[in-house]
2 protein chains.
Amino acid sequence: MKRLPGVGDGTDLYALTDDALSLGRPVLDVAKALLGAGIRILQYREKDKKAGRMLEECRALRELTRAAGACLIVNDHVDIALLCEADGVHVGQDDLPVPEVRRLVGPDMIIGLSTHSPEQARAAEAAGADYIGVGPIYPTQTKKDVCAPVTLDYLDWVVANSPLPFVAIGGIKRHNIADVVAHGARCCALVSELVGAPDIAARVAEVRAAMRGRGQG
Amino acid sequence: MKRLPGVGDGTDLYALTDDALSLGRPVLDVAKALLGAGIRILQYREKDKKAGRMLEECRALRELTRAAGACLIVNDHVDIALLCEADGVHVGQDDLPVPEVRRLVGPDMIIGLSTHSPEQARAAEAAGADYIGVGPIYPTQTKKDVCAPVTLDYLDWVVANSPLPFVAIGGIKRHNIADVVAHGARCCALVSELVGAPDIAARVAEVRAAMRGRGQG
């Protein structure tokens, strides 16, 4: 099974882009700051851009992530993930089903799937997902049409029962990330907490410190 | 060069789906009515649906169009076009560029490109588009972010100068289609005029009669 790369010290952060939350900074500048701060997993998730622009941005991100030894995941758009030679593609429950995505991307590309329940986690495994998103752990306003928080209970279930690598996501901030880690998450995905920080490098350091604080305690 | 199939009697109609304009009828019912009325080119264009649902609908449309000997074109979503084995994919100026689409779909799938100027028509030819959309001929409210009407002048230019098959589109109705045909269009694309008709078969017949009326005069 393909695994997400990571820092490997138990403080893996998975950053998602979102132009609307980036304080007016272009996605490439935000990505440079994230990669410079040591982020090694980056998901391009931009909901309101046209495909032509998304492809351009993804190609630029591909160069940046490759140079940094980081993993690039593209949200939803399998065609764009293929064209920019991303490491992976991430889909939700209402997007293209994992086996269909697999038909398009072949055996080597990482496929991530958002899950919100034990049933969905089991189905993700059966469908051949390489990792699952587990969330939203906390309330979040980043994503439209998001489901109610799954709470730490679902995270506990995944830790105990799912063989798949997973990424905890949804409303995770520096003030609550230690709880998420204490419940068994090794990789946490953040959006506004990172891309919305005035000083991204400082914020990444802060989040990582918070993650270590109780995660290893 | 791959060409759009058609009735071949100078009254080719190219129908586009749009759930929001279909008077509450499901897209599959609308498609059945269109195909039953003799439509032989159908583009699936649904802007507000999730990819999973779009794939399901496109697969059902693929069966219907295949049984009817009709051509199925998918708007924008190259991944879905590939998965449902569509005959073609149609992109706009801000979508994935034609050469990129070609890389994904191979040599056999039809690629259509919306154009709004002689420069774009020339670029479409150079990029390897199989046909171009020419429009919007008239004002239209079907598409968001649409450009100003190109008027019949651009259509005249295409008829005189472009070697590519083309489809006139944008605000074409039964009351003006004869003018479009008189200016040289053999294939006209309609959205609300067809899918928004209470009796789709009757409307197709009416539009076709109008198209013949001055088109052959």
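It should be noted that the structure appears before, not after, this text.
What you are looking at is a predicted structure, and each value in this text was computed from that prediction instead of being measured.

(A) Inspection of the interface of chain B and chain A at higher detail. In this assembly, 20 residues from chain B lie in contact with 20 residues from chain A. Where chain B abuts chain A, roughly 1,600 Å² becomes buried across the two surfaces, and 62% of that area is made up of carbon and sulfur atoms. When residues of chain B are sorted by the area they lose upon contact with chain A, D79, L83 and L96 of chain B head the list and together hold 32% of the total. Taken together, the connections running from chain B to chain A amount to four salt bridges. K50 of chain B serves as the salt-bridge partner of D95 of chain A, at 3.6 Å between the closest nitrogen and oxygen.

(B) Quick look at the side chain of T65 of chain A. Examined against the element boundaries, T65 of chain A turns out to sit in helix α2 (residues 51-68). Apart from residues lying up to four places away in sequence, T65 of chain A is in contact with L35, L42, A70, C71 and L72 of chain A.

(C) Here's a closer look at the relation of the copies chain B and chain A. For the pair chain B and chain A, the relating rotation is 180°, the translation along its axis is 0.0 Å, and the fit reaches an RMSD of 0.0 Å. Those values place the two copies in the arrangement expected of a two-fold rotation axis. Residue D79 of chain B of chain B places its C-alpha closer to the rotation axis than any other residue of that unit, at 2.7 Å. Looking at the interface residues of chain B, 100% of them are also at the interface in chain A, so both copies use one shared face.

(D) Quick look at the pairing of strand β5 (residues 110-115) of chain A. Residues and elements named next belong to chain A. Taken across its six residues, β5 has six buried, putting it largely inside the fold. Sheet topology note: the strand β4 (residues 88-91)/β5 ladder contains four bridges and is parallel. For H90, the partnering residue across the bridge sits in β5 and is G112. Direction of pairing for β5 relative to strand β6 (residues 131-134): parallel, over a ladder of four bridges. Paired with T115 across the bridge in β6 is V134. In this region the chain leaves β5, passes through helix α5 (residues 118-127) and returns to the parallel neighbour β6; the handedness of that crossover is right-handed.

(E) How the structure looks around the pattern of salt bridges. This model, assessed by the stated rule, comprises 32 salt bridges over all chains. Residue R66 of chain B is joined to E85 of chain B by a salt bridge in which the shortest nitrogen-to-oxygen separation is 3.5 Å. Residue R66 of chain B is found in helix α2 (residues 51-68), and its partner E85 of chain B is found in the loop between α3 (78-83) and β4 (88-91); the two are separated by 19 residues along the sequence. A salt bridge links D130 of chain B to R102 of chain B; the nearest nitrogen and oxygen atoms lie 2.9 Å apart. Taken together, the residues D130 of chain B in the loop between α5 (118-127) and β6 (131-134) and R102 of chain B in helix α4 (residues 98-105) connect sequence positions 28 residues apart. Classification of R102 of chain B by relative accessible area gives partly exposed; the value is 21%. Taken together, the salt bridges that share partners define one network made up of D19, E46, K49, R53 and E57 of chain A.

Scoring rules and cut-offs
Residues numbered from 1 in each chain as written. Chains lettered and ligands numbered in written order. Predicted model: local features only at pLDDT ≥ 70, side-chain atom pairs only at ≥ 80, totals over all residues. Heavy atoms only, no water. Contact = heavy atoms within 4.5 Å. Buried area = accessible area lost by both parts, 1.4 Å probe. Salt bridge = Lys/Arg side-chain N within 4 Å of Asp/Glu carboxyl O. Helix = DSSP H or I, 4+ residues; strand = E, 2+ residues; numbered from the N terminus. Least-squares fit on C-alpha atoms with pLDDT ≥ 70 in both. Buried < 20%, exposed > 50% of the residue type's maximum accessible area, 1.4 Å probe, protein only. Pairing = 2+ DSSP bridges. Right-handed = clockwise from strand over helix to strand, strands pointing away.

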